[in-house]
Amino acid sequence: MTVEMQEGKPSDAQAAEIAEPLPFPFNQRTFCRYEPIEKRIEEARVLVVDNLLRDEGDLSEVARKDWGQEVLTHLKRERQIASLAMQNIVSNVGRLVKQPHSRIVHITALDDAIQDFKPDAIVLSGTLRDFDYYKPEILDEFTSFVHATRTPVLGICGGHQLIGLSFGARVITLDSQEQQERRDNRLTEYQYRFVRIIDPEDPIFEAIDNPQSGIWQDYTKEARILRVWQNHSLQLDRVPEDFKLLATSYLCKNQMMVKRSDDQLIYSVQFQLEKSFEDWSQSRTRWEHPNESRDGRILFENFLRLALELRLRNRER
């Protein structure tokens, strides 16, 4: 026994063990732990919508003027990003559903795909360019579609903005400028960020605050907070009529919203929920997201569950 222990004083090691823990958020671990993903949904038909520009026929006069002779270079980049984004969403559906049926369709071919594929849910991808680069007819046709559809919809990032735009909101930069006023060097919300839940009673948040989750959700139990992947420099200027705000953040007030009127179920999120639950892949030698969160996965799974429940109720009428 040491002299310190004989005098009733703890050793340095013992003192470290009994020291008062750091307060939130400084007590959060900076490393991830493996969490297996269980498939709890039996079957679902999901239509994944490619919202990125496809060819010169999709471009507005603004885009043609700004890009000039680099049009093909920019469109090639759009298609590269689109391929990665669509496959990521399809892959995530496959990781949540035992019998997944997915189809990818461009935003310009939505009506025919709905009639042919008859999806249980629609997922709108993100975008890469400002919306004034899109031919106005594309935006007008989507507006007509999203006002009329009764298939449950989930909009992600640019899809969230597209939904808001279609219901009367404006898309502006994070420092409240018009898109065309600041094309470059924009303020950007990037990497994992905390988002505050406004309406924790909404069913999309079921199991977010789960006492059995242990270390995974300590921050949520502390302050109704989501931890999700962000990558955007634009936002909606307001919550459109008939929508309800569900989550917010410091840089972007409208992080998540829902519409449940007119027999519609439309959820949209500004963050990249489809990039928030990637785990170990045998084709890689590292974690895709070292500080990963499970929140995006739970929201995605809850949306699919709610969509299937609504479709079942509608068929039983």
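Here the structure is a predicted model, which means the values were calculated and not measured. Residue positions are given per chain, counted from 1 along the sequence in the order it is written. The model is predicted, so local features are restricted to residues of pLDDT at least 70 and side-chain atom pairs to those at 80 or more, both for listing and for counting; the totals for chains, interfaces and linings are taken over all residues. The side-chain figures draw on all heavy atoms in the structure; neither hydrogens nor water molecules are used.

Undergrad: Mind laying out the packing of aromatic side chains, listing which residues take part and the relevant values?
TA: Here the aromatic set is Phe, Tyr and Trp, taking the six-membered ring for Trp, and pairing holds for ring centres within 6.5 Å; pairs whose planes are under 30 degrees apart are stacked, those over 60 apart are edge-to-face, and all others are tilted. Enumeration according to the criterion identifies 7 aromatic pairs in this entry. Pairing phenylalanine 142 with phenylalanine 145 gives two aromatic rings, centres 6.3 Å apart and planes at 40°, and the pair type is tilted. Placement of both phenylalanine 142 and phenylalanine 145 in helix H6 (residues 136-148) is noted, with a separation of 3 residues, approximately one turn of the helix. Judged by centre distance (5.0 Å) and plane angle (70°), the rings of phenylalanine 167 and phenylalanine 243 are edge-to-face. In this pair, phenylalanine 167 sits in the loop between helix H7 (158-166) and strand E5 (171-173) while phenylalanine 243 sits in strand E9 (residues 243-248), placing the two residues 76 residues apart along the sequence. By way of ring pairs, the aromatic residues Tyr190, Tyr192 and Trp229 are connected into one cluster. Any Lys NZ or Arg CZ that is within 6 Å of a ring centre and within 35 degrees of that ring's normal is treated as a charge sitting over the ring. It is arginine 45 that lies over the ring of phenylalanine 117; its NZ or CZ is 4.3 Å from the centre. The secondary structure listing takes helices from DSSP runs of H or I that are at least 4 residues long and strands from runs of E that are at least 2 residues long, numbered from the N terminus.

Undergrad: Before we move on, could you go through the sheet that holds strand E6 (residues 189-197) and cite the residues and values that matter?
TA: Backbone hydrogen bonds are what pair the strands of a sheet, in a parallel or an antiparallel way. If you trace the 9 strands from one edge of the open sheet to the other, you get E2-E1-E3-E4-E11-E10-E9-E6-E7, paired in mixed fashion. Sheet topology places strand E2 (97-106) and strand E7 (225-232) at the edges, where each strand pairs with a single neighbour. Strand-to-strand twist of the sheet, defined as the mean angle between neighbouring strand axes without regard to direction, takes the value 25°. Sheet analysis places strand E1 (residues 41-50) next to strand E3 (residues 121-124), joined by 4 bridges and oriented parallel. Opposite valine 48, over in E3, you have valine 123 as the bridge partner. Its contacts with the sheet put H7 on E3, strand E4 (153-156), E9, strand E10 (256-259) and strand E11 (266-269), and the angle it makes with E4 is roughly 115°. Any two residues whose heavy atoms approach within 4.5 Å are treated as being in contact. Each axis is a line fitted through C-alpha atoms, and for a helix only the stretch in contact is used; angles between axes span 0 to 180 degrees, taken between their N-to-C directions. Relative to the sheet, helix H9 (residues 295-316) contacts E1, E2, E3, E4, E7, E10 and E11, its axis offset from that of E1 by approximately 105°. Strands are treated as partners if at least two bridges between them are detected by DSSP.

Undergrad: Can you tell me about the state of the cysteines, naming the residues and giving the values?
TA: We call a pair of cysteine sulfur atoms a disulfide when they lie within 2.5 Å. Here the structure, examined in full by the defined rule, presents 0 disulfides. There is no disulfide at cysteine 157, and the cysteine sulfur nearest it, in cysteine 252, is 9.2 Å away. Owing to a relative accessible area of 0%, cysteine 252 belongs among the buried residues under this scheme. Think of it in three bands: with a 1.4 Å probe and only protein chains considered, a residue is buried below 20% of the maximum accessible area for its type, exposed above 50%, and partly exposed in between.

Undergrad: So, the layout of surface pockets: which residues are in play, and what are the values?
TA: Where empty space is left becomes clear once a probe the size of a water molecule has been rolled over the atoms. For each structure, a 1 Å grid was placed over the protein atoms alone; sets of points admitting a 1.4 Å probe that cannot get out are labelled cavities, open sets with protein on both sides within 12 Å along at least five of seven lines are labelled pockets, and lining residues have an atom within 4 Å of a point. Grid points are joined across faces, edges and corners, and a volume is the space filled by probe spheres set on the points. Put simply, the largest pocket is a space of about 1200 Å³. If you go around the largest pocket, you meet 40 residues; those closest to its centre are Ile81, Thr127, Leu128, Asn231 and Gln272. No other element matches the 10 residues that helix H4 (residues 71-96) contributes to the lining of the largest pocket. Residues are grouped as follows: nonpolar covers Ala, Val, Leu, Ile, Met, Phe, Trp, Tyr, Cys and Pro; charged covers Asp, Glu, Lys and Arg; every other residue, Gly included, is treated as polar. Here the lining of the largest pocket is composed, by residue class, of 13 nonpolar, 15 polar and 12 charged.

Undergrad: Describe the environment of leucine 234, naming the residues involved and giving the relevant values.
TA: Within the fold, leucine 234 resides in strand E8 (residues 234-236). For leucine 234, a relative accessible area of 6% puts it in the buried group. With near-sequence residues (within four places) excluded, leucine 234 lies in contact with Asp130, Gln161, Val171, Ile172, Thr173, Leu174, Gln179, Arg186 and Gln270.

Undergrad: Talk me through the side chain of glutamine 272; I want residue IDs and the actual numbers.
TA: Position of glutamine 272 relative to the elements: it lies in the loop between E11 and H9. At 2.8 Å, the side chain of glutamine 272 and the side chain of glutamate 274 are in polar contact. Contacts of glutamine 272, omitting those with residues within four sequence positions, involve Ile156, Cys157, Trp229 and Asn231. For this analysis, a polar contact is any N or O atom pair within 3.5 Å, provided that within protein one partner can donate a hydrogen and the other can accept it, and provided that sequence-adjacent residues contribute only side-chain to side-chain pairs.

Undergrad: Let's hear about the pattern of salt bridges: which residues, and what values?
TA: Whenever a carboxyl oxygen of Asp or Glu lies within 4 Å of a side-chain nitrogen of Lys or Arg, that contact is scored as a salt bridge. Under the definition given, this model contains 24 salt bridges. Between arginine 64 and glutamate 61 there is a salt bridge; the shortest N-O distance is 4.0 Å. Separated by 3 residues within a single helix, arginine 64 and glutamate 61 lie in helix H3 (residues 61-67), roughly one turn from each other. Using a relative accessible area of 33% as the deciding quantity, one classes arginine 64 as partly exposed. Of the charged contacts, one joins glutamate 301 and arginine 297 as a salt bridge, the two residues approaching to 4.0 Å between their closest N and O atoms. In this pair, glutamate 301 and arginine 297 both sit in helix H9, 4 residues apart, roughly one turn of the helix. The same class applies to glutamate 301 and to arginine 297, which are both buried. Each of Asp66, Asp130, Asp132, Arg183 and Arg186 takes part in salt bridges that share partners, so that together they form one network.

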